[in-house]
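Each chain, written out:
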Amino acid sequence: MKGSEKPQYETDDIEEIIEVDATKHRHGFVTFWLWLALIVNIIACIIFLIAMFTENVYDYYGTNSDITILSYGFLSILELLNVLAIILLLRWKSAGFFLMIVGAVCSILISVTLLGGGIKDIFGIIVSIVIWWAILHIKKNGVSAWALMESGWGYRHYPLLYYGFGAMAIIILILSIVAIV
């Protein structure tokens, strides 16, 4: 770049050009829970994948069926969705929290309709969303992590993140079908 040349950006919107402010710091407890949730959701995704291929896959009623295997595949995809949501939260995107809510609603639907879950499943998932909301509102220096979040998905800045997760979801769906056959 020579003297008076301006750098070329994909957008003219100054808010998108400015990188994440170095003064953004979340409370250590919030960061700890985000990383812990990331690890737990990755493990849960792997457990659901392994459960699809075990010989004795049972639902809440003790029945073994193709629907149960497919449900575990969908739950594995939802765990992957939670991993994406947590990565978005770690990158200061509030859309990650709303993605967690979408995943929770889908988990409730699968749990209740396909796996025979009940009130305890619904209650547990709703309570977990409320707990996450509270964790994101813990303040450091008088400012909560939620207040520092940016709106939007950040698709323009990390498209490979979304392509990668989309590809993994398709692979899990294919594996679910293979497990049934």
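Not measured: the values here are computed from a predicted model. (Residues numbered from 1 in each chain as written. Predicted model: local features only at pLDDT ≥ 70, side-chain atom pairs only at ≥ 80, totals over all residues. Heavy atoms only, no water.)

Remarks on the overall build of the protein chain
And then number 1: From N to C terminus, the protein chain includes seven helices and two strands.
And then number 2: Burial statistics for the protein chain: of 181 residues in total, 39% are counted as buried.
And then number 3: Relative to all contacts within the protein chain whose residues are 6 or more apart in sequence, the contacts with residues 24 or more apart total 72%.
And then number 4: For the protein chain, the computed accessible surface area is about 11100 Å², with 68% contributed by carbon and sulfur atoms. (Helix = DSSP H or I, 4+ residues; strand = E, 2+ residues; numbered from the N terminus. Buried < 20%, exposed > 50% of the residue type's maximum accessible area, 1.4 Å probe, protein only. Contact = heavy atoms within 4.5 Å. Areas by Shrake-Rupley, 256 points an atom, 1.4 Å probe, with all protein chains shown as cover.)

A word on the environment of Tyr158
And then number 1: Structurally, the position occupied by Tyr158 is in the loop between helix H6 (145-148) and helix H7 (159-180).
And then number 2: The contact partners of Tyr158, leaving out residues within four places of it in the chain, are Arg91, Lys93 and Trp153.

What about the confidence of the model for the protein chain?
Regions with low pLDDT should not have their predicted coordinates read in detail.
And then number 1: Residue-level pLDDT values for the protein chain average 80, and 81% of them are 70 or greater.
And then number 2: By mean pLDDT, helix H1 (residues 14-17) is the weakest element of the protein chain at 47, and helix H2 (residues 28-52) is the strongest at 90.
And then number 3: Between residues 1-12, whose pLDDT stays under 50, and residues either more than four places distant or in other chains, the model counts eight contacts. (pLDDT = per-residue confidence, 0-100.)

Let's talk about the nonpolar core
It is characteristic of soluble globular proteins that their nonpolar side chains tend to be buried jointly.
And then number 1: Membership of the largest hydrophobic core comes to 44 residues, with the highest contact counts inside it found for Leu34, Leu84, Leu89, Trp132 and Phe165.
And then number 2: Counting residues per element, the ones that place at least two in this core are H2, helix H3 (66-90), helix H4 (95-114), helix H5 (119-136) and H7.
And then number 3: The leading source of residues in this core is H3, at 14 residues.
And then number 4: Contact partners of Leu89, with chain neighbours within four places excluded, come to Arg26, Leu34, Gly96, Phe97, Met100, Leu136 and Met149. (Core = buried A, V, L, I, M, F, W, Y, C linked by side-chain atoms within 4.5 Å.)

Digging into H5
And then number 1: With 18 residues, H5 ought to run about 26 Å at 1.5 Å a step, and its terminal C-alpha atoms sit 26 Å apart, in line with that.
And then number 2: Buried residues of H5: Asp121, Ile125, Ile129, Trp132, Ile135 and Leu136, and no others. All buried residues of H5 fall inside an arc of 125° around its axis, so they share one side. Away from the buried face of H5 by more than 90 degrees, exposed residues Ile119, Lys120 and Phe123 are located. (Expected span 1.5 Å × (residues − 1). Arc of directions from axis to C-beta.)

Re unusual backbone geometry
And then number 1: The phi angle at Trp92 is positive, at roughly 70°, despite the residue not being glycine.
And then number 2: Structurally, Trp92 is set in the loop between H3 and H4.
And then number 3: The residue Asn141 is not glycine, and still its phi comes out positive at about 55°.
And then number 4: Relative to the helices and strands, Asn141 is located in the loop between strand S1 (139-140) and strand S2 (143-144).

Points about the packing of H3 against H4
And then number 1: Packing of H3 against H4 brings their axes to within 8 Å, and their N-to-C directions diverge by 165°. Judged by the angle between their axes, H3 and H4 are roughly antiparallel. Considering the relative orientation of H3 and H4, their crossing is left-handed. Along the contact surface, H3 presents Ile67, Ser71, Phe74, Leu75, Leu78, Leu81, Asn82, Leu84, Ala85, Leu88 and Leu89, while H4 presents Gly96, Phe97, Leu99, Met100, Gly103, Cys106, Ser107, Ile110 and Leu114.
And then number 2: In terms of residue class, the contact of H3 with H4 is made up of 15 nonpolar, five polar and no charged. (Axes fitted to C-alpha atoms, helices over the stretch in contact; angles between N-to-C directions. Parallel < 35°, antiparallel > 145°, perpendicular 65-115°, else oblique. Left-handed = near helix turned anticlockwise from the far one by under 90°. Nonpolar A, V, L, I, M, F, W, Y, C, P; charged D, E, K, R; others polar.)

Side note on the packing of aromatic side chains
And then number 1: A full pass over the atoms with the stated rule returns six aromatic pairs.
And then number 2: Pairing Phe29 with Trp33 gives two aromatic rings, centres 6.0 Å apart and planes at 70°, and the pair type is edge-to-face. In this pair, Phe29 and Trp33 both sit in helix H2, four residues apart, roughly one turn of the helix.
And then number 3: Judged by its relative accessible area of 30%, Trp33 falls in the partly exposed class.
And then number 4: Between the aromatic rings of Phe97 and Trp146, the centroid separation amounts to 5.5 Å while the plane-to-plane angle is 80°, which identifies the pairing as edge-to-face. Linking Phe97 in helix H4 with Trp146 in helix H6, this pair joins segments that are 49 residues apart in sequence.
And then number 5: One aromatic cluster is present, built from ring pairs that chain together Phe29, Phe32 and Trp33. (Phe/Tyr/Trp six-rings, centres within 6.5 Å; stacked < 30°, edge-to-face > 60°.)

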